[in-house]
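# Close look at the chain arrangement
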Amino acid sequence: MFTRILTKPPQQTSYDCHVHLLLPPPKPRLSLPRHAHTTAAKPPPPPEPPQDATIAKLVIESDPLSLSETLTNPKFQWTPHLVDSVLKRLWNHGPKALQFFKHLDRHPVYIHSSSSFDHAIDIAARLRDYKTAWNLVHRMRSIRRGPSPRTFAIIAERYVAAGKAHRAIKVFLSMHEHGCRQDLNSFNTILDVLCKSRRVEMAYSLFKMLRFRFKCDSVSYNVIANGWCLIKRMPMALQVFKEMVERGVEPTLVTYNILLKGYFRTGQLNEAWEFFLEMKKRKCEIDVVTYTTMVHGFGVAGEVKRSKKVFDMMLREGVVPSVATYNALIQVLCKKDNMQNAVLVFEEMVRKGCVPNSITYNVVIRGLCHSGDMERALEFMVRMEENGGQHNVQTYNVVIRYFCDAGEIGKGLDMFEKMENGSCLPNLDTYNIVIGAMFLRKKSTDLVVAGKLLIQMVDRGFLPRKFTFNRVLNGLVLTGNQDFAKEILRMQSRCGRVPRCLRL
DNA sequence: GTAGGGTTAG
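Residues numbered from 1 in each chain as written. Chains lettered and ligands numbered in written order. Predicted model: local features only at pLDDT ≥ 70, side-chain atom pairs only at ≥ 80, totals over all residues. Heavy atoms only, no water.

### Overview of the overall build of chain A
Looking only at helices and strands, chain A has 28 helices and 0 strands in total. In chain A, which comprises 504 residues, the share counted as buried stands at 50%. Contacts in chain A between residues at least 24 apart in sequence constitute 65% of all its contacts with a sequence separation of at least 6. With an accessible surface of roughly 25,700 Å², chain A has 54% of that area assigned to carbon and sulfur atoms. (Helix = DSSP H or I, 4+ residues; strand = E, 2+ residues; numbered from the N terminus. Buried < 20%, exposed > 50% of the residue type's maximum accessible area, 1.4 Å probe, protein only. Contact = heavy atoms within 4.5 Å. Areas by Shrake-Rupley, 256 points an atom, 1.4 Å probe, with all protein chains shown as cover.)

### Focus: the UniProt feature "repeat: PPR" (unreviewed entry) in chain A
In this numbering, the UniProt entry assigns the feature "repeat: PPR" (unreviewed entry) to residues 183-213, 217-251, 252-286, 287-321, 322-356, 357-391 and 392-426. For residues 183-213, the end-to-end C-alpha separation is 10 Å, with 77% helix and 0% strand making up the annotated structure. As annotated, residues 322-356 has a helix share of 77% and a strand share of 0%, and its two end C-alpha atoms lie 10 Å apart. (UniProt positions renumbered as here; feature names shortened; annotations may be inferred.)

### Let's talk about the pattern of salt bridges
Applying the stated criterion across every chain, the model contains 15 salt bridges. Note that Glu201 is salt-bridged to Arg233, the shortest N-O span being 2.9 Å. Taken as a pair, Glu201 in helix H12 (residues 200-210) and Arg233 in the loop between helix H13 (218-230) and helix H14 (234-246) lie far apart in primary sequence, 32 residues in all. Put simply, Glu317 and Lys280 hold a salt bridge, and the shortest N to O gap is 3.3 Å. One end of the pair, Glu317, is in the loop between helix H18 (304-316) and helix H19 (323-336); the other, Lys280, is in helix H16 (residues 269-281), with 37 residues separating them in the sequence. Residue classification places Lys280 among the partly exposed residues on the basis of a relative accessible area of 31%. Linked through salt bridges whose partners overlap, the residues forming this network are Glu278, Lys281 and Arg282. (Salt bridge = Lys/Arg side-chain N within 4 Å of Asp/Glu carboxyl O.)

### Observations regarding the state of the cysteines
Per the stated rule, a full pass over the model turns up 0 disulfides. Counting only cysteine sulfurs, Cys229 is the nearest neighbor of Cys284, a cysteine outside any disulfide, at a range of 15 Å. With no disulfide of its own, Cys354 has Cys334 as its nearest cysteine by sulfur position, at a separation of 16 Å. (Disulfide = S-S within 2.5 Å.)

### Concerning helix H26 (residues 444-459)
Taking 1.5 Å as the rise per residue, H26 with 16 residues should run 22 Å; its terminal C-alpha atoms sit 23 Å apart, in good agreement. The buried fraction of H26 amounts to 13 of the 16 residues, a majority that puts the element mostly inside the structure. Directly after H26, the chain includes Gly461, whose backbone phi takes a positive value near 95°. (Expected span 1.5 Å × (residues − 1).)

### So, the packing of aromatic side chains
Inspection of the entire model under this criterion finds 22 aromatic pairs. A centroid spacing of 5.1 Å and a plane angle of 75° characterise the contact between Phe101 and Phe117, whose relative ring orientation is edge-to-face. You can see Phe101 sitting in helix H6 (residues 94-104) and its partner Phe117 sitting in helix H7 (residues 114-126), a full 16 residues away along the chain. Accessibility expressed as a relative area gives 0% for Phe101, which makes it buried. Residues Phe346 and Tyr361 carry aromatic rings whose centres are separated by 5.5 Å and whose planes lie at 65° to one another, so their mutual orientation is edge-to-face. Taken as a pair, Phe346 in helix H20 (residues 339-351) and Tyr361 in helix H21 (residues 358-370) lie far apart in primary sequence, 15 residues in all. (Phe/Tyr/Trp six-rings, centres within 6.5 Å; stacked < 30°, edge-to-face > 60°.)

### A few points about the protein's contact with DNA strand B
Near DNA strand B you find 37 residues, and of these Arg150, Asn257, Ser322, Gln331 and Asn357 are the closest. The sugar-phosphate share of atoms of DNA strand B within 4 Å of the protein amounts to 47%. The side chain of Thr189 places a nitrogen or oxygen atom 3.4 Å from a sugar or linking oxygen of DNA strand B. Interatomic distance of 2.8 Å between a side-chain N/O atom of Lys196 and a phosphate oxygen of DNA strand B. Of all the elements in the fold, those that place two or more residues in the surface near DNA strand B are helix H11 (184-196), H13, helix H15 (253-265), helix H17 (288-300), H19 and H21. Classifying every residue of the surface near DNA strand B by side-chain character gives 11 nonpolar, 18 polar and 8 charged. (Near = heavy atom within 4 Å. Polar contact = N/O pair within 3.5 Å; in protein donor to acceptor, adjacent residues only side chain to side chain. Nonpolar A, V, L, I, M, F, W, Y, C, P; charged D, E, K, R; others polar.)

### Digging into the packing of helix H4 (residues 64-72) against H6
The axes of two packed helices give the description: the angle between them and the distance between them. Contact geometry of H4 with H6 gives a least axis separation of 9 Å together with a crossing angle of 50°. By the criterion of interaxial angle, the relationship of H4 to H6 is oblique. In terms of crossing hand, the pair formed by H4 and H6 is right-handed. When H4 is examined against H6, the residues Pro64, Leu67, Ser68 and Leu71 are found in contact with a partner set consisting of Lys96, Gln99, Phe100, His103 and Leu104. Counted by class, the contact of H4 with H6 contains 5 nonpolar, 3 polar and 1 charged residues. (Axes fitted to C-alpha atoms, helices over the stretch in contact; angles between N-to-C directions. Parallel < 35°, antiparallel > 145°, perpendicular 65-115°, else oblique. Left-handed = near helix turned anticlockwise from the far one by under 90°.)

### Quick word on the side chain of Ser116
Following the sequence through the fold, Ser116 ends up in helix H7. The contact partners of Ser116, leaving out residues within four places of it in the chain, are Pro80, Val83, Asp84, Leu87 and Phe101.

See below:
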């Protein structure tokens, strides 16, 4: 059945309206106004200062060869903040982001700030282009803009994420060779990077090896205890807590909150409650984080009543709920109660003057999508924008996913298209969702779109999984698109570890 | 931006 449909010749279908999106990028539409050519009689009004979104779009659409010239146009008033914003906008188009950074680095007057260097290094390392990353480190040193401990934390984090935890530790140990001092803060940071990436054993060994050299403090112990909690090894977390007390380092409220969260993570609700009571008994100054942990912990475990009780207790005790507290409660109601109540709490927080953030909106939108109410989900998307919250990639991913799951592929693709226009670039998840959806309708033309999306994502510095490549290749071969399949096969062999497009 | 709470699905 499947192959019979797919071997039919491609037909013109309604989705063709989306295809233009996936064709080679259009010629730059954003050209600079040419005031120089206007008659001298009336000087034109001063042009609007270019915003980061406009610049990001310009960078994406412009030819790399003319980019340098474009960026040196005196119209652009470069500031570190503007450059950082543009880099953030281009986060999901790493090669273009680096192109932008490198071209602007040749600007006759403007000099990149250390924070822009850090962003660029982060982007290069995320693309696993370590050569570029280190070149940038040397460049920033040569113009005395760093590198800072922050720079090394970024590089270490990227190495760990790429499965190179040992390189990360080497980076930390060699910081001083790059003119950056090792201190307790940077030690705590490397421990945290390892722990957050679940390399807790390694962090603990490093900690035991160097704890006297750096005179470890409560932060170091908290980082390690939190690491054990993250991988649900409460006995180890408690042991670290014990060691801490034995060595005369005073546990803080942060320590208690970490352990409390650990009990919830491991599903030990009674222990969590006992621990909370103990905290109260010891006159520990319980704060909003403690309560948020409880509201979330009980709620996601299905104990909605207890979750609400804790929320009320918090109000009685005069602790003011934060956005995170409301987000926790709303999420709990979305998942374990019903959407009416979740929306009621949303309205209540607004009434009380607590401003919902993008996480709040995304939680509500996801809940509405999940309950099948796409219409209200879209209403909340509008509301989000009206209240100054920009849709982020998570917002789009949720809505696109649910449209596709509901079989409304066209609406999903419309949303995907809207993202590009609204200056929110798709990330790896988005591509996986949309490419996956191209197999649902069993249409031969959908597979061509899948192929084009695959090429686009590689161009933008994402490495698709082997599974994705094979799936698209098989689909194209089965539908008689041999030539296109060959093109994708060539791309696959080219893209290896570092995408070709990175070589500037 | 040295540590703790809130967005991912099945």
